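These are the residues of each chain, in order.
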Amino acid sequence: MNRKQKAHLAVLGANFIFGTNYSVVKFITPEFIKPFGLNVVRVLVSLLMFWGLYFIKPSSASIKRKHIPRFIICAVTGVAINQILFINGLTLTTSIHGALLTLATPIFITFIAAWLLKEGLGWNKITGLLLGVGGATLLILMKESSGNAPNIILGDVLILINAISYAFYLVLVRPLMKEYSPIHVLRWVFTLGAFIVVPFGWSQFMQVEWQALNVEAWAGLAFVVIGATFFAYLFNMYGIRTIGASATGTYIYTQPVFAAIIAIVFLGEQFNWQKGVAAVLIFAGVYMVNLSKLLDQQKP
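From a predicted model like this one, the values you see are computed outputs, not experimental measurements.

A. Summary view of the nonpolar core. Leu38 and Val189 are the most contacted members of the largest nonpolar core, which totals 75 residues. In terms of residue count, the dominant contributor to this core is helix H9 (residues 182-206) (nine residues). Setting aside its immediate chain neighbours within four residues, Leu38 contacts Val25, Ile28, Thr29, Ile33, Ile87, Leu221 and Val224.

See the structure below:
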């Protein structure tokens, strides 16, 4: 197996982890650990692991004074709001809803980049936004009852706001990635984000009855904290360095597929025709938003 094949497998593995994460989060929250408490564990353990890499391979750990405000904004959008709303929203809605709504992130990235970075907008991007918003709206307004989703509408709204916040992060972090290595940026983004996440979820973290966690709960917690945060990021970073950002980004389309299969098999969730229509609209929206890039790649 050559290097590129390994990179493709690594990126596919990362998205399998992300897709599986939706069901695993629902398994451990709120029965074993409440969502804000899970945020504290996820952020602190990931933070320790990213700083652990620094001690294994020491390098400059400083950041330039002029970049501090941008690091803080990235910490708020990429860690604090993202982590808090994603976990809490997912405990209220279904895994399939969460995965499909998160898929709309590339659409929001395009329009936030157009606003903040003055990137151009064409008819295809506007059409993509309308399709994506239409699919998200259909999901949110869908009348559905589920035993493991006590408030689907609120959960969907929180997941959607999380997707918008993460899109802001991905746009705002671009200039930092040009100045520092990806791990260096993530290390500081998590460090600053911890100052928000930890106080916000500390009371729920202290309520966790660790002795009540069984083997399955510990395994799920390790998967969410280590697998879906630390290793999945490293797999994606390896993919970006080896096969490029565009090829790596296309694998995001596999997340809802993995999430749906796992949720149906292990959580008993249903995939009906309304969800199918919403999925088609969101997929079509992402395709239209990226149509210009696809056409440019085909030019000789």
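B. Layout of the pattern of salt bridges. Counting across every chain of the model gives one salt bridge. Close ionic contact of Glu179 with Lys64 constitutes a salt bridge, the shortest N to O distance being 3.2 Å. With a gap of 115 residues between them, Glu179 in helix H8 (residues 174-179) and Lys64 in the loop between helix H2 (35-56) and helix H3 (68-92) connect regions that are remote in the sequence. Classification of Glu179 as partly exposed rests on a relative accessible area of 41%.

C. Spatial organisation of the packing of aromatic side chains. All told, the structure shown has 16 aromatic pairs when counted by the stated rule. Taken together, a centroid distance of 5.2 Å and an interplanar angle of 70 degrees make the contact between Tyr54 and Phe55 edge-to-face. Take Tyr54: its relative accessible area is 18%, and that puts it in the buried class. Cluster of aromatic residues (ring-pair linked, three or more members): Phe50, Phe190, Phe230, Phe231 and Phe235. In this structure, Arg187 is placed above the aromatic ring of Trp51, and the distance from its NZ or CZ to the ring centre is 5.3 Å.

D. Quick look at the environment of Ile107. Take Ile107: it is sitting in helix H5 (residues 105-116). Sequence separation between Ile107 and Ile282 is 175 residues, and the spatial gap between their C-alpha atoms is 9.0 Å. Here Ile107 is in contact with Gly128, Leu129, Gly132, Ile282, Gly285, Val286 and Val289, once residues within four sequence places are set aside.

E. Inspection of a nonpolar patch on the surface at higher detail. On the surface, a cluster of nonpolar side chains totalling about 610 Å² of accessible area is made up of Val257, Ile261, Ile264, Val265, Phe266 and Phe271. On the secondary structure map, Ile264 appears in helix H12 (residues 254-266).

F. Local environment of the packing of H2 against helix H10 (residues 215-243). Running from amino to carboxyl end, H2 crosses H10 at an angle of 45 degrees, the nearest separation of the two axes being 9 Å. Compared by their axis directions, H2 and H10 come out oblique. Two packed elements cross with a definite hand, and for H2 against H10 that hand is right-handed. Judged by residue contacts, Leu38, Val41, Arg42, Val45, Ser46, Met49, Phe50 and Leu53 of H2 engage Leu221, Val224, Val225, Ile226, Ala228, Thr229, Phe230, Tyr233 and Leu234 from H10.

G. Quick peek at the layout of surface pockets. When its volume is computed, the second largest pocket comes out at roughly 230 Å³. Forming the boundary of the second largest pocket are Leu53, Lys57, Ser59, Ser181, Ile183, His184, Arg187, Met237 and Arg241. Among the secondary structure elements, those contributing two or more residues to the lining of the second largest pocket are H9 and H10. Take the lining of the second largest pocket: its biggest share by element is three residues, from H9. Its residues assigned to classes, the lining of the second largest pocket shows three nonpolar, three polar and three charged.

H. Quick peek at the packing of helix H6 (residues 123-141) against helix H7 (residues 152-172). Taken N-terminus to C-terminus, the directions of H6 and H7 make an angle of 150 degrees; their axes are 8 Å apart at the nearest point. It follows that H6 is roughly antiparallel to H7 by the angle criterion. Touching Ala136, Leu139 and Ile140 of H6 are Ile153, Asp156, Val157 and Leu160, all from H7. Here the residues of the contact of H6 with H7 are counted per class, giving six nonpolar, no polar and one charged.

I. Just the side chain of Asn236, in detail. Turning to its location among the elements, Asn236 is positioned in helix H10. When near neighbours in sequence (up to four residues on either side) are disregarded, Asn236 contacts Val11, Ala14, Asn15, Phe18 and Thr248.

Rules used in this analysis
- Residues numbered from 1 in each chain as written.
- Predicted model: local features only at pLDDT ≥ 70, side-chain atom pairs only at ≥ 80, totals over all residues.
- Heavy atoms only, no water.
- Core = buried A, V, L, I, M, F, W, Y, C linked by side-chain atoms within 4.5 Å.
- Buried < 20%, exposed > 50% of the residue type's maximum accessible area, 1.4 Å probe, protein only.
- Helix = DSSP H or I, 4+ residues; strand = E, 2+ residues; numbered from the N terminus.
- Contact = heavy atoms within 4.5 Å.
- Salt bridge = Lys/Arg side-chain N within 4 Å of Asp/Glu carboxyl O.
- Phe/Tyr/Trp six-rings, centres within 6.5 Å; stacked < 30°, edge-to-face > 60°.
- Lys NZ or Arg CZ within 6 Å of the ring centre and 35° of its normal.
- Patch = residues over 30% accessible without salt bridge, like charges linked within 9 Å, V, L, I, M, F, W, Y side chains within 5 Å.
- Areas by Shrake-Rupley, 256 points an atom, 1.4 Å probe, with all protein chains shown as cover.
- Axes fitted to C-alpha atoms, helices over the stretch in contact; angles between N-to-C directions.
- Parallel < 35°, antiparallel > 145°, perpendicular 65-115°, else oblique.
- Left-handed = near helix turned anticlockwise from the far one by under 90°.
- 1 Å grid on protein atoms, 1.4 Å probe; cavity = no way out; pocket = protein on both sides within 12 Å on 5 of 7 lines; lining within 4 Å.
- Points joined across faces, edges and corners; volume = space filled by probe spheres on them.
- Nonpolar A, V, L, I, M, F, W, Y, C, P; charged D, E, K, R; others polar.

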